[in-house]
Amino acid sequence: MAEDLLIQKGTKKEQYQSLIPQVRALLTGEDDFIANLGNITASLKEQFNWLWIGFYIVKNDELVLGPFQGPIACTRIRKGRGVCGTSWEKAETLIVADVERFPGHIACSSRARSEIVIPVMVDGNVVAVLDADSDELSAFDETDEKYLKEIIDLVDFE
Ligand code: SME
C-alpha cells in the first residue's frame, strides 16, 4: 500500500481524477467497510482540505456518525433533520451554497458555510450519507456530486 497520497493541484476535476485511482488502490484487497470509509475520508481531507468530511450510517432509523475527518460532530441525526437527515428522507443529493439559508441546518461547527450531502443507496434504500462541509460559501457543485458518487461506488456497503 502506498504510504503517501499524491496531492494534485489544478481544477476540481483534475484533483478528483488524480485522487480516485489512488483511493481505488487503497481499497483493493481490503473488504472491511469501516477501514475503507476511514481511508476515503482521510484521502478526501488531504486532497481538498475541507472543514469536515465524513459518513453517517443508518442504524435503527437514525443516522449515526461514522468515519470522518475534521472537528468533532453530532453523533445522531433523525430522518428529516438538517441537511443530512433531509438528504436521507428524500434519497437525493443536496448541495447547499449557504448553510445559513437552509432551514434546520445542524451547525456542528460554526465555521461551516456550505455543504454537500450524498445518499448511499443499496437496493433502493439509503444506508448511509456522505457529508462534506466547507468553511467557504458555494464550495460544492455537480462536479463534486459526480466524483464523490464514483468514490462511494468503490465501497461495498452491503
Ligand atoms: N451540517 C449537517 C450536520 C452534520 S455536520 O455538519 C458534521 C446537517 O445539517 O445535516
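I will try to describe carefully the structure that is included in this document. Values in this document were obtained by computation on a predicted structure and should not be read as measured data. Per chain, the residues get numbers from 1 upward, laid out in the order the sequence is written. Two thresholds apply to this predicted model, a pLDDT of at least 70 for residue-level local features and 80 or more for giving and counting side-chain atom pairs, whereas whole-chain, interface and lining totals are computed over all residues. The basis for the side-chain values is all heavy atoms of the structure; hydrogens and waters are excluded.

**Considerations on the sheet that holds strand S3 (residues 76–78)**
With antiparallel pairing, the six strands of this open sheet are ordered in space as S3-S2-S1-S6-S5-S4. The sheet terminates laterally at S3 and strand S4 (94–96), the two strands that pair on one side only. When the angles between neighbouring strand axes are averaged without regard to direction, this sheet yields 25 degrees. A strand pair is defined by DSSP finding two or more bridges across the two strands. Secondary structure elements follow DSSP: runs of H or I no shorter than four residues count as helices, runs of E no shorter than two count as strands, and numbering proceeds from the N terminus. Looking at chain direction, S4 and strand S5 (residues 114–122) are connected through three bridges and run antiparallel. For Leu94, the partnering residue across the bridge sits in S5 and is Val117. Along the sheet, helix H3 (residues 82–90) makes contact with strand S1 (52–59), strand S2 (62–69), S3, S4, S5 and strand S6 (125–134), crossing S5 at roughly 35 degrees. Orientation is described by lines fitted to C-alpha atoms, with helices fitted over the stretch in contact, and by angles between N-to-C directions that extend from 0 to 180 degrees. The criterion used for residue contact is that any of the two residues' heavy atoms lie within 4.5 Å.

**Some points on the packing of aromatic side chains**
Two aromatic rings, drawn from Phe, Tyr or Trp (for Trp, its six-membered ring), form a pair once their centres lie within 6.5 Å of each other, and the interplanar angle then sorts them: stacked below 30 degrees, edge-to-face above 60, tilted otherwise. In this structure the tally under the stated criterion is eight aromatic pairs. With centroids separated by 4.6 Å and ring planes inclined at 40 degrees, the aromatic side chains of Tyr16 and Phe48 adopt a geometry described as tilted. Taken together, the residues span a long stretch of sequence, with Tyr16 in helix H1 (residues 12–27) and Phe48 in helix H2 (residues 33–48) at a distance of 32 residues. We note that Tyr16, like Phe48, is buried. An angle of 50 degrees between the planes, with centres 6.2 Å apart, marks the rings of Phe55 and Phe157 as tilted. Here Phe55 is found in strand S1, whereas its partner Phe157 is found in the segment after helix H4 (142–152), with 102 residues between them in sequence. Phe157 matches Phe55 in its accessibility class, with the two residues each being buried. One aromatic cluster is present, formed by Tyr16, Phe48, Trp50, Phe140 and Tyr147 through successive ring pairs. Charge-over-ring placement is defined geometrically: NZ (Lys) or CZ (Arg) within 6 Å of the ring centre, and within 35 degrees of the ring normal. Here the guanidinium or amino end of Lys146 rests over the ring plane of Tyr147, the centre of that ring lying 5.0 Å away. Exposure categories follow from relative accessible area, calculated using a 1.4 Å probe and restricted to protein chains: below 20% of the type maximum is buried, above 50% is exposed, and the middle band is partly exposed.

**Thoughts on the pattern of salt bridges**
In the sections that follow, a salt bridge refers to a side-chain nitrogen of Lys or Arg positioned within 4 Å of a carboxyl oxygen of Asp or Glu. Following the criterion strictly, the structure yields seven salt bridges and no others. One salt bridge connects Lys149 with Glu145, and the closest N-O pair in it is separated by 3.1 Å. Taken together, the residues Lys149 and Glu145, both in helix H4 and four residues apart, mark about one turn of the helix. Owing to a relative accessible area of 37%, Lys149 belongs among the partly exposed residues under this scheme. According to the relative accessible area criterion, Glu145 is buried, its value standing at 18%. Lys146 is the salt-bridge partner of Glu150, the closest N and O atoms lying 3.6 Å from each other. With Glu150 and Lys146 both in helix H4 and four residues apart, this pair spans about one turn of that helix. Connected through shared salt-bridge partners, Lys12, Asp141 and Asp144 make up one network.

Geometric descriptors of this kind do not, in isolation, establish any biological role.
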